[in-house]
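As a plain string of letters, each chain reads:
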Amino acid sequence: MKLHNRSVAIGERINNHVLLRKALHQSDKMALKHNQNVFSIEFSALNYFHPERTRFRYTLEGFNTGWIETDARNRSATYTNLNPGTYVFKVKAAASDGTWDNEETRLVVEVIPPFYATKWAYGIYFILLVLLVFLLTYIIRRRAEMKFLREQEHHEFERMRDLDAMKTRFFTNVSHEFRTPLTLILTPLDKLLKQVSDESIQTQLVMVQRNARRLLNLVNQLLDFRKMEVDKMKLTTSYGDFTRFVKTSFDSFTDLFENQQIEYAFRSDLGTYMTRFDKDKIEKIVFNLLSNAVKFTPNGGRISLEMSRSAPGQAGHAGSFASESYIELRVKDTGIGIAADRLEKVFERFFQSQDSHTVINQGSGIGLSLTSEFVKMHGGTIHAESEAGKGSLFVVRLPLKEEETPDAVEPESSVDAEPAVSVTSEGTGPGQEKPTVLLIEDNEDLRLYLKENLQTKYHILEAGNGAVGWEVALSAQPQLIVSDIMMPGLDGMAFCRKLKQDERTSHIPVILLTARSSEAQKIEGLESGAEDYITKPFNYEILELKIQGLIGLRQSFRKAFAQKFEIKPGEIGITSLDEKFLKKALKVAEKNIGNSEFSVEKMGRELGVSRGHLYNKLVALTGKTPVEFIRIMRLKRAAQYLGKSQMTVSEIAFQVGFNDPKYFSRYFREEFGVVPSEYAKNHKPADNQSDED
């Protein structure tokens, strides 16, 4: 027995393993490790007469496919790189006469596999494979579930976003639907109040007006709640008398107090208190607190509003304002009160007291929630004190610092108070043509009301939506357009952008009417190209003044153009498209100033517009027809020649495109008030005149 070409002795330990425990021919089995698979086995036979003639046959079952025959000179069998497993080595011999022995000598050779190739190892591998399959299946399923969940979350997010968008549209549409009828109530009321002299009727009208404004406040409250949900509410402070403002807000409830026979009182330790605050939100704070008090106070009860100022160090000064003074508003009533266990929930959204079942209309439960948010936006606090059956007290503390003079006075931004407008416009007397105003409004009542009031001063055109309005604007070329924003089909914003992007209509001023009152929406409206933006309900006089102002500005521009024939960038009343159009028209007219064959048709072709469009555009921008536009350009150039050149009047007339000098002189005199020769004499430079003398 040789292992790796080295003889192995009986009992020899190789790598801590004994291969031969006894002689090889006495052994039935031999075990080899997997790295001992290169070995040789020698064999011999007892032949004493002719040993050199002995022949052998051997085979290794499991490796050789047949018998291998050899002679006496090669009495060994060598095997290399046997795979782990059990093999049987067989050998037999043939005598000198060539007869083979029927008996075989057998030796079982076992190549022990490495630990990672054993049955146990394969069993473990199988178990691990099964576990891996289960793990992969779990991971795949888990990923599929996670993907499904992510898709569900994405769909839910999209659904919530769509729902929020739908809510926004709903609140906006509701606001529009409420504000338009309120406009038709409040606007005629304002006009009636100025016309009615009967005191009793006027009192009733004031009550109608006050309640219409209260309804408007409720609509605004709905919108404020929505804005608060999407964090779009911002504080807009302005300078004013806080005491007077709160007193005015309190006085708006006096008729309601008297109707329900409720005693009321307003007390203030302050006189005039000038400070910066958000008038809209303070008004809503007072409105909600007083409305809540009226709602839960029975007839014969009492409601009071007390206002005071607390400074650091004074008795009762709140600890949360330890280092600064604050204004305290205390609204107290003798109503049904609130149970102690529900007192902390009154500022939660949609909270409704279960003890108020006797109240017919206890509201939606968002008023006090909004009040709390408005107070926090001012950096203040609000809390309630109450006892069931005895009434409630709401205390608002606002850290408002008194200011003697404002840093920058800002206009009030509320629905009821529009900024004042001061304009000057010419009236339409006898013989004067009325300016044309196009009204685009989907609400027929409001459109009819505006038409009836405006038609005394203006020629009114109507359209029920933006698409029809666009067609009317193209054909009629009005001096001004008043358009609603929320309309079916082409809305006001899209209509305004389309109008301002088209050269044929970009010069027409636009006033947008809308129920959308937020600052962002106003900016969006003005960015679309509108000259002004008015929120509903609006004061009719303000609308009328703004219409007069914009038309007056357009007329002023025309006069300025007639007196001074230069177009300067940024001139009042000109948009960028109008400026480009006029510059192009001036360039074309100047290029052809000496061409007597140059006509309106040729000018239109060079500008790329029709004769009608050219006429409407130039008349709208300059007040001059195309013929007058070309003539004035020629006369202006002629005046330059008369003042600076030595050419005769006839030469200059032909130079600027006039075929007849007499025709030229007549129009020159109409434009400048003197004949060309006299103009030349008056405008010649001094040195030229001295040379002539």
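Quick caveat, the model's predicted, so the values are computed rather than measured. (Residues numbered from 1 in each chain as written. Predicted model: local features only at pLDDT ≥ 70, side-chain atom pairs only at ≥ 80, totals over all residues. Heavy atoms only, no water.)

Visitor: Please give an account of the overall build of the protein that cites residues and values.
Guide: A tally of regular secondary structure across the protein gives 19 helices and 23 strands. Relative to its full complement of 693 residues, the protein shows a buried share of 43%. Put simply, of all contacts in the protein between residues at least 6 apart along the chain, 65% involve residues at least 24 apart. (Helix = DSSP H or I, 4+ residues; strand = E, 2+ residues; numbered from the N terminus. Buried < 20%, exposed > 50% of the residue type's maximum accessible area, 1.4 Å probe, protein only. Contact = heavy atoms within 4.5 Å.)

Visitor: Tell me about the sheet that holds strand E11 (residues 105-111), and name the residues and values.
Guide: Pairing is mixed across the open sheet formed by five strands, whose spatial order is E5-E11-E10-E7-E8. Each having just a single partner strand, strand E5 (29-32) and strand E8 (68-71) make up the two edges of the open sheet. Mean inter-strand twist for the sheet, computed between neighbouring axes without regard to direction, equals 25 degrees. Note: strand E10 (residues 85-94) against E11, seven bridges, orientation antiparallel. (Pairing = 2+ DSSP bridges. Axes fitted to C-alpha atoms, helices over the stretch in contact; angles between N-to-C directions.)

Visitor: Quick rundown of helix H15 (residues 626-644)? Include the residues and the values.
Guide: With 19 residues, H15 ought to run about 27 Å at 1.5 Å a step, and its terminal C-alpha atoms sit 27 Å apart, in line with that. Every buried residue of H15 is listed here: Pro 626, Phe 629, Ile 630, Ile 632, Met 633, Arg 634, Leu 635, Ala 638, Ala 639, Leu 642 and Gly 643. (Expected span 1.5 Å × (residues − 1).)

Visitor: With reference to specific residues and values, describe the packing of aromatic side chains.
Guide: The full count for this structure, using the stated rule, is 22 aromatic pairs. Ring centres 5.7 Å apart and planes at 45 degrees place the aromatic pair Phe 250 and Phe 257 in the tilted group. When its relative accessible area of 2% is taken as the criterion, Phe 250 is described as buried. Residue classification places Phe 257 among the buried positions, given a relative accessible area of 0%. Ring pairs connect the aromatic residues Phe 39, Phe 43, Phe 56, Tyr 58, Phe 63, Tyr 79 and Phe 89, which therefore count as one cluster. (Phe/Tyr/Trp six-rings, centres within 6.5 Å; stacked < 30°, edge-to-face > 60°.)

Visitor: Please give an account of helix H14 (residues 611-622) that cites residues and values.
Guide: The end-to-end C-alpha distance of H14, which contains 12 residues, comes to 16 Å, matching closely the 16 Å that a straight helix rising 1.5 Å per residue would cover. Taken together, the buried positions of H14 are His 613, Leu 614, Lys 617, Leu 618, Ala 620, Leu 621 and Thr 622. Within H14, the buried residues cover an arc of 165 degrees as seen down the axis, which keeps them to one side. Looking at the residues trailing H14, positive phi occurs at Gly 623, about 80 degrees. (Arc of directions from axis to C-beta.)

Visitor: If you had to explain the nonpolar core to someone new, which residues and values would you point to?
Guide: Counting 38 residues, the largest nonpolar core has Phe 242, Val 246, Ile 282, Leu 289, Leu 290 and Leu 305 as the members making the most contacts within it. Taken together, the elements giving at least two residues each to this core come down to helix H3 (242-251), helix H5 (279-295), strand E15 (302-310), strand E16 (326-333), helix H6 (367-377), strand E17 (381-387) and strand E18 (391-398). Among the elements that line this core, the one with the most residues is H5, at eight residues. The contact partners of Phe 242, leaving out residues within four places of it in the chain, are Tyr 273, Thr 275, Phe 277, Ile 282, Met 307, Ile 327, Leu 329, Leu 398 and Leu 400. Among the nonpolar cores identified, the runner-up in size contains 25 residues, and Leu 3, Met 30, Leu 82 and Val 111 belong to it. (Core = buried A, V, L, I, M, F, W, Y, C linked by side-chain atoms within 4.5 Å.)

Visitor: Kindly report on the sheet that holds strand E6 (residues 39-42), identifying the contributing residues and their values.
Guide: Taking strand neighbours across the sheet as the criterion, the four strands line up as E2-E1-E6-E9 in an open arrangement whose pairing is antiparallel. The open sheet is flanked by strand E2 (6-7) and strand E9 (76-79), the only strands paired with a single partner. The pairing of strand E1 (residues 2-3) with E6 spans two bridges and is classified as antiparallel. Residue pairing in the sheet places Lys 2 in a bridge with Ser 40 of E6.

Visitor: Can you break down unusual backbone geometry residue by residue, with the values?
Guide: Despite not being glycine, His 4 has its phi angle at roughly 55 degrees, a positive value. Along the polypeptide, His 4 turns up in the loop between E1 and E2. For Asn 81, which is not glycine, the phi dihedral falls at a positive 50 degrees. Judged by its relative accessible area of 58%, Asn 81 falls in the exposed class.

Visitor: How would you summarise the confidence of the model for the protein if you had to cite specific residues and measurements?
Guide: Per-residue pLDDT for the protein has a mean of 79; in total, 84% of the residues score no lower than 70. Long-range and interchain partners of residues 687-693, a stretch whose pLDDT sits below 50, account for four contacts in this model, where long-range means more than four residues apart. (pLDDT = per-residue confidence, 0-100.)

Visitor: Which residues make up the pattern of salt bridges, and what values do they have?
Guide: Pairs can form between side chains of opposite charge whenever their charged atoms are close. All told, the structure shown has 26 salt bridges when counted by the stated rule. Here Arg 397 makes a salt bridge to Glu 328, at a shortest N to O gap of 2.9 Å. In this pair, Arg 397 sits in strand E18 while Glu 328 sits in strand E16, placing the two residues 69 residues apart along the sequence. No difference in accessibility class separates Arg 397 from Glu 328, as the two residues are buried. Beyond isolated ion pairs, a larger network of salt bridges with shared partners links Arg 55, Arg 57 and Glu 69. (Salt bridge = Lys/Arg side-chain N within 4 Å of Asp/Glu carboxyl O.)

Visitor: Explain the pairing of E8 residue by residue, including any values.
Guide: Two strands pair when backbone bridges link them, and strand E7 (residues 55-61) and E8 are joined in this way by four bridges, in the antiparallel orientation. The residue of E8 that forms the bridge with Phe 56 is Thr 70. Linking E7 back to E8 in an antiparallel pair, the connection comprises six residues, with Gly 62 at a positive phi of about 100 degrees.

Visitor: Pulling in residues and values, what's your account of a nonpolar patch on the surface?
Guide: A cluster of nonpolar side chains, Phe 115, Tyr 116, Tyr 122, Ile 124, Tyr 125, Phe 126, Ile 127, Leu 128 and Leu 131, forms an exposed patch at the surface whose accessible area comes to about 1,000 Å². Its place among the elements puts Phe 115 in the loop between E11 and helix H1 (119-195). (Patch = residues over 30% accessible without salt bridge, like charges linked within 9 Å, V, L, I, M, F, W, Y side chains within 5 Å. Areas by Shrake-Rupley, 256 points an atom, 1.4 Å probe, with all protein chains shown as cover.)

Visitor: I'd like a description of the environment of His 4, backed by residues and values.
Guide: Note on His 4: relative accessible area 45%, which makes it partly exposed. For His 4 and Thr 78, which are 74 residues apart along the polypeptide, the C-alpha to C-alpha distance reads 9.8 Å. In contact with His 4, other than residues within four places in its own chain, are Asn 35, Gln 36 and Val 38.

Visitor: Quick one: what's the story with the packing of helix H8 (residues 466-476) against helix H9 (residues 492-501), residue by residue and with numbers?
Guide: Where H8 meets H9, the closest approach of the two axes is 10 Å, and the angle between their N-to-C directions is 25 degrees. With respect to H9, the axis of H8 lies roughly parallel. Classified by chirality, the crossing of H9 by H8 is right-handed. Judged by residue contacts, Gly 466, Gly 469, Trp 470 and Ala 473 of H8 engage Phe 495, Lys 498 and Leu 499 from H9. Grouping the amino acids of the contact of H8 with H9 by side-chain chemistry returns four nonpolar, two polar and one charged. (Parallel < 35°, antiparallel > 145°, perpendicular 65-115°, else oblique. Left-handed = near helix turned anticlockwise from the far one by under 90°. Nonpolar A, V, L, I, M, F, W, Y, C, P; charged D, E, K, R; others polar.)

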